[in-house]
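Results of the structural survey
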Amino acid sequence: MYLDGAGALHAMGKGEDMVISFLEETPMVVREVGESIIGEIVFSIMKLSSQTSAAVIVLMISSLPNVARRMSDFDLLKGYLRLLERMIALAPRGMRPMLNNIDLLTSKLTLGGLRRWVLYGAETFNRDFKAQIAYFELSSAESLQILEQERRGTLFIDNQRKLQFYLRAFYNRDFFLRPTSGDYETKKGLKPYIEYGVMHIPDAYDDYKHASGRIVPGINCYRAVCAHAAAHIMETTSAFKGDQLNPLQVACVSLIEDLRVELNTIKKFPGMKKLWIALHPEDEDLKDLNPFIIDLVDLSRLALDSKYKAKQSFNKDFLKLFNTEMKVSDNSSDISFELGLEYYEIIKSETDVKISASALVAAPISYRDDNRYIWEYEDLDWVSEGNDYVPASQRQVRRKANIMEMYNELDVETAGDDAQEIWTLETEYFPDELDGVSINEIEGKEPVSEPFHYNEWDYQLQLYRPNWATLYERRLRKGDSEVINNILKEHKPIANQLKNAIDQMQPQGLVKLKKQQEGSELDIDACVTALSDIRVGTTPSDRIYVKKVQHIRDVSVNLLMDLSESTNDMVVGSEKTILELMREATSLLSWAIDKIGDNLTISGFASDSRHDVQYYRFKPFHFSFNDEVKGRLAGIKGGLSTRMGAAIRHAGIDLLTQSSAKKILLVLTDGEPADIDVDDPQHLRMDAKKAVEELRGHGIVTFCISLDPYADQYVARIFGKNRFMVIDNLEKLPERLPQLFISLTK
Amino acid sequence: MNELDQYKIAEEPFYQPQEDEIEMYTAAYMNRMPVMLKGPTGCGKSRFVEYMAYKLDKPLITVACNEDMSASDLVGRFLLDKEGTIWQDGPLAMAARYGGICYLDEVVEARQDTTVVIHPLTDYRRTLPLDKKGELIEAHPDFQLVISYNPGYQNLMKDLKQSTKQRFCGFNFHYPDEKTEAHIIAKESGVNKETAIKLVQVAQRARNLVGHGLDEGISTRLCVYAGQLIADKVNQKSACKIAMVNPITDDLDIVDTLNAAIDTFFE
């Protein structure tokens, strides 16, 4: 996709800089929001290029990674691109100064705020170029004033982690939160909503100011929103069919369901109602609203706040009815539908309802979502996204056949590794037509193991997809062990350094420490001194024991190498590929560990969609670093993708076969988890994170060594804050990897 | 028994049973069976042992185990004074000799070469060899050994060997259910039942975060501390923050979450 985009840009003939910048910056954007953004970026660049210079476009492209990081959402970033397109038509002179300030702007504004700030400047100074430039440079007082106006106090992205913890603390499960780009204001803007079980939360909130002067801090607004949305996810049990209802009936039913889920939550956590009551409009806030809306708010306040006095007596009566029904059955959405319709009839008969559809949209209770969730509720089903779960009955059959069956059976010539049935003959098969040569010699590939199936974590549903990934253990063709011997010779100086470090690490068995305060035996020399001290009349020392200390190492390590396609890239500023560097580092490490005597296994992985995760063993446990192992290491190749979670789980099982006290999994990778059949960059990252947690539950420590200089953020999220190391200078890898190992296993 | 008089429990400690552990322990003691108590920190293991020692009217010698503990710390050593060397019994030897209950708390912290010292005492032999002294102590008929540890996942690196574990019968402890825990907190700290229930609710929020940011949840003990402060008229929210939130984590986002939880339950 990158190449297609670059090709298209190149064809515009606006110079190399644009193409180069595109290729350099876009991968980082993709890392944040997914590959589908590439097309959007190319499209935007094309639109902009007719209205501005290549230099400005390069500036725009280099702004994208940071903007993507702040927005961290595909739709929001698309919105940003649309904004740029609009701005270039209205105020082309302002583009360059604005892009120079873009980091500052996105740190203070959400997309909505940025949009308003930009459009104000673009529309006001449409003709006045000097003023336009001053505005977008942020050197005019007016531009700073508008900036302050559009600033929002509490940004979602700064509080996301807190909100995740908050929800987990109360509900004991994870919820998925994403930002939406409406700025929420009381009377206009986007509301929070729930879709496919994911909560979409406005990307910024101001403190909520009541007309009376009472203020609710932004973070509490967020908590109220999340708590209400979580209440829906936990309590709403079925969808409502809205086809036959008029908008007023829909509003009533929605309100009753909102109240039902909130009241159920309050039963468990009584204090939650404080959050929600604080965000209900007070009397002064309701002044200019339609009476229908006011009546609904009246009911809502009455239901939640025991201290509130209802304005309408029919609300008081209805609440009694509602509470009675709730006592009978509070855990089904069905009662909300019936009661909602009943409420509508009551309000129609008691008051004169006159309200337009647009006024209905005004939602004074700001923390409640738009309720599309209850009107479009669907049974969550991971089959629905086109990811097909293949039931066991359709999985591949493998069996061993005898020579007569092989001779008589016809095989399907086009069937490969994905065949429905695979027969294996234990001996070699010499067909007549091949003249004494076996089929194995001609067509044989390295044997593949039986498939291993692993669950994969779906972070949006908070459930495992059962047996989603299929892993096969394979063998690569052996290379020449001399390659490894040469590596060891080439790095002799590092090897010597390691040798010294190793000597300090080697288990010395029992070591005697003299003159100890405590120990298992008497230190005779010290005793003699002590006794003579007693005779002389001075206080004897109490350090008269000999302590025997055991120096033992009880460590097993699995070094798991990422062998994906990207390892074939050249290391910047060197003649070697990443793969070659990995090989050097692993050789040195294996040699070092062999000398120490620890238990090491070396493995590798790559993946070709979830149906084919490939796992390679180069050195099993308890093998010394001999020529056969060296040969296998020499033969490593890079290709395909990185489905890390399944590989981590399989590597963990390997480690569990060992009995040592300390078990460590070292993952050596040059990029983040990704696979060709997965669009959402978050999915495999979250699955890898889950795999690391599973291994921790079994006592295995996972540590990541990343060769990707931009790795910090996602690697920290997957492996944990102190469980990774990013190596910028790859030349140092052969030296640092063994050093890291030594410090990890001391 | 004079030597062990100082270890006798003077007053009945308050203990709220969770299941039938009192009866089971009494039965175990009748057979002088060694007992293992497993559970998270601060959930009542040590209190339970104290209570049983009081009920059975036996002296209780407690040893807090740590990684630097050697076998001599348990068994005894020679000390030097102006007359020469004298032998000093360790807590284990004392309990074995004079018939007390020896309680090794957090035994998994000790090195494994130290814990094997207890093996001869915990099988049919019931003897403790003092190699340096050349003496073989036959355990007093009243002697019993009790150990405790926290089997949380972070302790997977350190575990007892099977040959040690299988000498004990095991009791599982956990934080009690809400009502019981509130009752315990109310009794221990002096707060009323309503406040105690709120403290338990806050603790449960933290327990939901175990493995997702916290290593251990808030223990009953910390709830009692908070309760004691509240009973002394300290501001309720501050008491919770000092006693329950600040000790368990340094992660600012988690601190914020737990403070929000406190705000949810307390005014």
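Computed from a predicted model, the values in this text were never measured in an experiment.

Attention now goes to the overall build of chain A. If you tally the helices and strands in chain A, you get 30 helices and 20 strands. Buried positions account for 38% of the 746 residues belonging to chain A. A separation of at least 24 residues holds for 71% of the contacts in chain A among residues at least 6 apart in sequence.

With that settled, consider the overall build of chain B. Counting secondary structure elements, chain B contains eleven helices and nine strands. Expressed as a percentage of the 267 residues in chain B, the buried residues total 41%.

A separate point is the sheet that holds strand β9 (residues 169-172) of chain B. Residue and element names in this part refer to chain B. Read from one edge to the other, the open sheet built from five strands follows the order β2-β5-β8-β1-β9, with strand pairing classed as parallel. In this open sheet, the two strands that pair with only one neighbour each are β2 (60-64) and β9. Neighbour-to-neighbour, the strand axes of the sheet open up by a mean angle of 20°, direction not taken into account. Bridge count for β2 against strand β5 (residues 101-105) is five bridges, and the pairing is parallel.

Here we take up the confidence of the model for chain B. Across chain B, pLDDT averages 89, with 97% of residues at or above 70. Reported confidences for the modelled complex are a pTM of 0.63 and an ipTM of 0.72.

The phi dihedral of Leu640(A) is positive, around 70°, even though this residue is not glycine. Relative to the elements of secondary structure, Leu640(A) occurs in the loop between α26 (627-634) and α27 (644-656). For Glu106(B), which is not glycine, the phi torsion reads 55° and is therefore positive. Mapped onto the secondary structure, Glu106(B) falls in the loop between β5 and α5 (112-115). Assessed through the 18 C-beta atoms surrounding it within 10 Å, Glu106(B) is described here as partly exposed.

With 22 residues of chain B at the contact, the number on the chain A side is 24 residues. Those elements that place two or more of their residues in the side of chain B that touches chain A are α3 (71-75), α8 (193-207) and α11 (252-265) of chain B. Broken down by element, the side of chain B that touches chain A gets its largest block of residues, eight residues, from α11(B).

Remark on secondary structure: sheet strands pair via backbone hydrogen bonds, oriented parallel or antiparallel. Residue and element names in this part refer to chain A. Spatial ordering of the open sheet is given by β10-β11-β17-β16-β15-β18-β19-β20, a layout of eight strands whose pairing is mixed. Edge positions in the open sheet fall to β10 (452-458) and β20 (724-726), since each of these has one partner strand only. The mean inter-strand angle of the sheet, taken between neighbouring strand axes irrespective of direction, is 25°. Sheet analysis places strand β11 (residues 463-474) next to strand β17 (residues 613-619), joined by four bridges and oriented parallel. Bridging across to β17, Arg474 finds its partner in Tyr616.

Take the nonpolar core next. Membership of the largest hydrophobic core comes to 82 residues, with the highest contact counts inside it found for Cys226(A), Ile185(B), Cys223(B), Ala226(B) and Met244(B). Per-element tally for this core: the top contributor is helix α12 (residues 218-235) of chain A, with nine residues. Not counting the four nearest positions on each side in its chain, Cys223(B) is found in contact with Ile185(B), Leu199(B), Val200(B), Ala203(B), Ile218(B) and Met244(B). Listed in part, the 72 residues of the second largest apolar core include Ile487(A), Ile578(A), Met582(A) and Phe703(A).

Residue and element names in this part refer to chain A. Put simply, helix α3 (residues 37-49) and helix α5 (residues 74-90) touch, their axes get as near as 10 Å, and they point 5° apart. As judged from the angle between their axes, α3 and α5 are roughly parallel. Residues Ile37, Glu40, Ile41, Ser44, Lys47 and Leu48 of α3 form the contact with α5, whose own contacting residues are Phe74, Leu77, Lys78, Leu81, Leu84, Glu85 and Ile88. A per-class count over the contact of α3 with α5 returns eight nonpolar, one polar and four charged.

Note: C-alpha distance between Glu106(B) and Ile147(B) (41 residues apart in sequence) is 7.3 Å. In this structure Glu106(B) touches Ala64(B), Cys65(B), Ser148(B) and Tyr149(B), once residues within four positions along its chain are discounted.

This next bit is on the confidence of the model for chain A. Atom-level detail of predicted coordinates should not be read off regions where pLDDT is low. All names here are of chain A. In this model, chain A carries a mean pLDDT of 82, and residues with pLDDT of at least 70 account for 91%. The least confident element of chain A, judged by mean pLDDT, is helix α21 (residues 439-443) at 63; the most confident is α27 at 93. Low pLDDT, under 50, characterises residues 183-189; the predicted model gives this stretch 16 contacts beyond four residues in sequence or across chains. Here residues 380-394 is a poorly scored stretch, pLDDT under 50, and it has nine contacts once near neighbours within four places are set aside; other chains count.

Another point: helix α25 (residues 578-596) of chain A. All names here are of chain A. For α25, which comprises 19 residues, the first-to-last C-alpha distance of 27 Å matches the rise-based estimate of 27 Å (1.5 Å per residue) to within 8%. Buried residues dominate α25, accounting for 16 of its 19 residues. Remark: Gly597 follows α25 within two positions and exhibits a positive phi of approximately 95°.

Attention now goes to the packing of α25(A) against helix α30 (residues 733-744) of chain A. Residue and element names in this part refer to chain A. It is at 8 Å that the axes of α25 and α30 come closest, and there the two elements cross at 40°. Our classification of the angle between α25 and α30 gives oblique. Two packed elements cross with a definite hand, and for α25 against α30 that hand is right-handed. Where α25 abuts α30, its residues Leu581, Glu584, Ala585, Leu588, Leu589 and Ala592 lie against Leu733, Pro734, Leu737, Pro738 and Phe741. When grouped by side-chain class, the residues that make up the contact of α25 with α30 number ten nonpolar, no polar and one charged.

Residues and elements named next belong to chain A. Secondary-structure assignment places Thr26 in helix α2 (residues 16-33). Overall, Thr26 belongs to the buried group, with 23 C-beta atoms counted inside 10 Å. When residues no more than four places from it in sequence are discounted, the contact partners of Thr26 are Tyr2, Ile38 and Ile41.

Residues and elements named next belong to chain A. Counting buried positions along strand β4 (residues 198-202) yields four of five residues, so the element is predominantly enclosed. Relative to β4, strand β3 (residues 193-195) is paired through three bridges, and the arrangement is antiparallel. Paired with Ile194 across the strands is Met199, a residue of β4.

With that out of the way, let us pick up helix α4 (residues 91-98) of chain B. All names here are of chain B. Taken across its eight residues, α4 has six buried, putting it largely inside the fold. Buried residues of α4: Leu92, Ala93, Met94, Ala95, Ala96 and Arg97, and no others. Following α4 by one or two positions, Gly99 has its phi on the positive side, about 85°.

Procedures and definitions
- Residues numbered from 1 in each chain as written.
- Chains lettered and ligands numbered in written order.
- Predicted model: local features only at pLDDT ≥ 70, side-chain atom pairs only at ≥ 80, totals over all residues.
- Helix = DSSP H or I, 4+ residues; strand = E, 2+ residues; numbered from the N terminus.
- Buried ≥ 20, exposed ≤ 12 C-beta atoms within 10 Å, placed from the backbone.
- Contact = placed C-beta atoms within 7 Å.
- Pairing = 2+ DSSP bridges.
- Axes fitted to C-alpha atoms, helices over the stretch in contact; angles between N-to-C directions.
- pLDDT = per-residue confidence, 0-100.
- Core = buried A, V, L, I, M, F, W, Y, C linked by C-beta atoms within 7 Å.
- Parallel < 35°, antiparallel > 145°, perpendicular 65-115°, else oblique.
- Nonpolar A, V, L, I, M, F, W, Y, C, P; charged D, E, K, R; others polar.
- Expected span 1.5 Å × (residues − 1).
- Left-handed = near helix turned anticlockwise from the far one by under 90°.

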